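Architecture and fold: a report
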Amino acid sequence: MTAPRMPGKITVRDVAMRDGVQNLKRILPTDLKVELIEGMADAGIQRIEATSFMNPKAVPNTADADEVMRRIRRKPGVRYEALVANLRGAKRAIEAGCDGVQQVISLTDVHNRANVNRSVKQSLEEMKQIAGVVRGAGILFCGAISLATGCPYTGRVPEESVYDLAGKYVDLGVDEIFLCDSMGMGDPARMGRMVGDIRRRWPETSLVVHIHNTRGMGLANAFASMQAGAATLDASLGGLGGCPFAPGASGNVSTEDLVHMLWLMEIETGVDLDALRVLAGKLAEALDTPLFSAVHQAGKSFEKSPVPARLLVGEDERTIQDVDGLAERV
Ligand code: ZN
């Protein structure tokens, strides 16, 4: 085991309004999306995947992509990005004023066909054209490696195939590689190893780690990725983003849980956790279902609960102090 090399600062990139909403049965109102995106920017999130430019029949919840991009108040210094699957989507994203475009390709043909209706080879061919138009527009172009840990149809995915696709992305001139544990099948050993290998092989290309918490390993995978040198992590407000292949499973790792862990670890994020919690509350209210967000459910560490009245009888100062001390310890 090598010595930990935790970065002093982490960029938390929120994907709730794209990855989070895409599997929701109910359509989230555009007004709420705009409010949450603006709220996250005000809370200090500097990169927001605001929507996706996909076929609205396939992804009804981002059918309002153009409207969302048009309506959001842009905060200086914040990047508003979008996911695309094809050239048409990329052109729409550029037209809508996105600051970055991420093209996603799955590692297995079967999933890529299910997801974007193309073979991996066809998607890579199209990527050449997409790279041309996106880079021509002068905005960030990213390649996402979906299913970097496993496929719901074929099972385990060899790590070498991840590096093979990453190499192709680099050859096509991506600014950034996204390593996506799309199904939440990644474990901390593998995630740390893959992050380390990608950084060693392509040190000039930046890396984003996209983490799902489907099987409860989200924060452990975030920790392992950071230890291996990842400096940008994806997460989703309220842990929004269930998986259609695993009904009832949680979605992306929750942004407030990740920011909370980083706050405890004294790693800088520039994000106001309390402001995020207010936004998660608004989301929970709108969805009328519990969120997969531990901090939303349990509150922040060290938040003091009111001392039970029976312990305060007689206003005994010493008793109150003891109770206060106990509350600090447990
Ligand atoms: Zn995802």
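A brief look at the structure comes next.

Turning our eyes to something else, we now look at the overall build of the protein chain. Across its full length, the protein chain holds 13 helices and ten strands. In terms of C-alpha radius of gyration, the protein chain reaches 21 Å, essentially the compact-globule figure of 20 Å for 330 residues. Here the C-alpha coordinates of the protein chain stretch approximately 75 × 50 × 40 Å along the principal axes. Expressed as a percentage of its 330 residues, the buried residues of the protein chain come to 54%. Partitioning the intrachain contacts of the protein chain with sequence separation of at least 6 by distance along the chain shows that 73% fall at a separation of at least 24. For the protein chain, the accessible surface area stands at approximately 15000 Å², while carbon and sulfur atoms represent 51% of it. Of the charged side chains in the protein chain, 38 are positive and 42 negative, and the gap between their average positions amounts to 6 Å.

On to the environment of Q129, then. Residue placement: Q129 occurs in helix α6 (residues 120–136). Residue Q129 is classed as partly exposed on the basis of its relative accessible area of 47%. Along the chain, Q129 and A90 lie 39 residues apart, while their C-alpha atoms are 9.7 Å from each other.

Moving on, we come to the pattern of salt bridges. This model, assessed by the stated rule, comprises 27 salt bridges. Across the salt bridge formed by D175 and R135, the nearest N and O atoms sit 3.2 Å from each other. One end of the pair, D175, is in the loop between α7 (159–171) and β8 (176–181); the other, R135, is in helix α6, with 40 residues separating them in the sequence. We classify D175 as partly exposed; its relative accessible area is 29%. The partly exposed category is assigned to R135, whose relative accessible area is 42%. A salt bridge links R201 to E160; the shortest N-O distance between them is 3.4 Å. On the criterion of sequence distance, the pair formed by R201 in helix α8 (residues 188–201) and E160 in helix α7 is long-range, its members being 41 residues apart. Through salt bridges with shared partners, a single ionic network connects R13, R18, D19, R47, E49, R79, E81, E176 and D234.

Geometry of a packed helix pair, given as the angle between the helix axes and the separation of the axes. Across the interface, helix α9 (residues 218–227) lies against helix α10 (residues 255–264) with an axial gap of 11 Å and an inter-helix angle of 50°. Taken together, the axes of α9 and α10 are oblique relative to one another. Note that α9 runs across α10; the crossing there is right-handed. Mapping the contact onto sequence places L219, A222, F223 and M226 in α9 and D257, L258, M261 and L262 in α10. Considered class by class, the residues forming the contact of α9 with α10 number seven nonpolar, no polar and one charged.

Bringing the side chain of D234 into the picture now. Relative to the helices and strands, D234 is located in strand β10 (residues 232–235). One polar contact links D234 to R13, side chain to side chain, over a distance of 2.9 Å. A distance of 2.6 Å separates a polar atom in the side chain of D234 from a polar atom in the side chain of H210. Aside from chain neighbours lying at most four places away, what touches D234 is R13, V15, F178, V208, V209, H210, I211 and V253.

This part is about the nonpolar core. In a soluble, globular protein the nonpolar side chains are often hidden away together inside. Membership of the largest hydrophobic core comes to 86 residues, with the highest contact counts inside it found for F53, I145, V162, L179, L233, L237 and L276. When residues in this core are grouped by element, the largest group, seven residues, is from helix α11 (residues 273–287). Among residues more than four places away in sequence, those in contact with L179 are I145, A148, V162, M191, M194, V195, I198, L207, V208, V209 and H210. Formed by twelve residues, the second largest nonpolar core is a distinct cluster that contains V59, L83, C142 and A144.

Another point: a nonpolar patch on the surface. A cluster of nonpolar side chains, W263, L264 and F302, forms an exposed patch at the surface whose accessible area comes to about 330 Å². Residue position: F302 is located in the loop between α12 (294–298) and α13 (317–329). Judged by its relative accessible area of 60%, F302 is exposed.

Definitions and limits used
Residues numbered from 1 in each chain as written. Predicted model: local features only at pLDDT ≥ 70, side-chain atom pairs only at ≥ 80, totals over all residues. Heavy atoms only, no water. Helix = DSSP H or I, 4+ residues; strand = E, 2+ residues; numbered from the N terminus. Rg over C-alpha atoms; globule rule 2.2 N^0.38 Å. Buried < 20%, exposed > 50% of the residue type's maximum accessible area, 1.4 Å probe, protein only. Contact = heavy atoms within 4.5 Å. Areas by Shrake-Rupley, 256 points an atom, 1.4 Å probe, with all protein chains shown as cover. Lys, Arg positive; Asp, Glu negative; His and termini not counted. Charge placed at Lys NZ, Arg CZ, Asp CG, Glu CD. Salt bridge = Lys/Arg side-chain N within 4 Å of Asp/Glu carboxyl O. Axes fitted to C-alpha atoms, helices over the stretch in contact; angles between N-to-C directions. Parallel < 35°, antiparallel > 145°, perpendicular 65-115°, else oblique. Left-handed = near helix turned anticlockwise from the far one by under 90°. Nonpolar A, V, L, I, M, F, W, Y, C, P; charged D, E, K, R; others polar. Polar contact = N/O pair within 3.5 Å; in protein donor to acceptor, adjacent residues only side chain to side chain. Core = buried A, V, L, I, M, F, W, Y, C linked by side-chain atoms within 4.5 Å. Patch = residues over 30% accessible without salt bridge, like charges linked within 9 Å, V, L, I, M, F, W, Y side chains within 5 Å.

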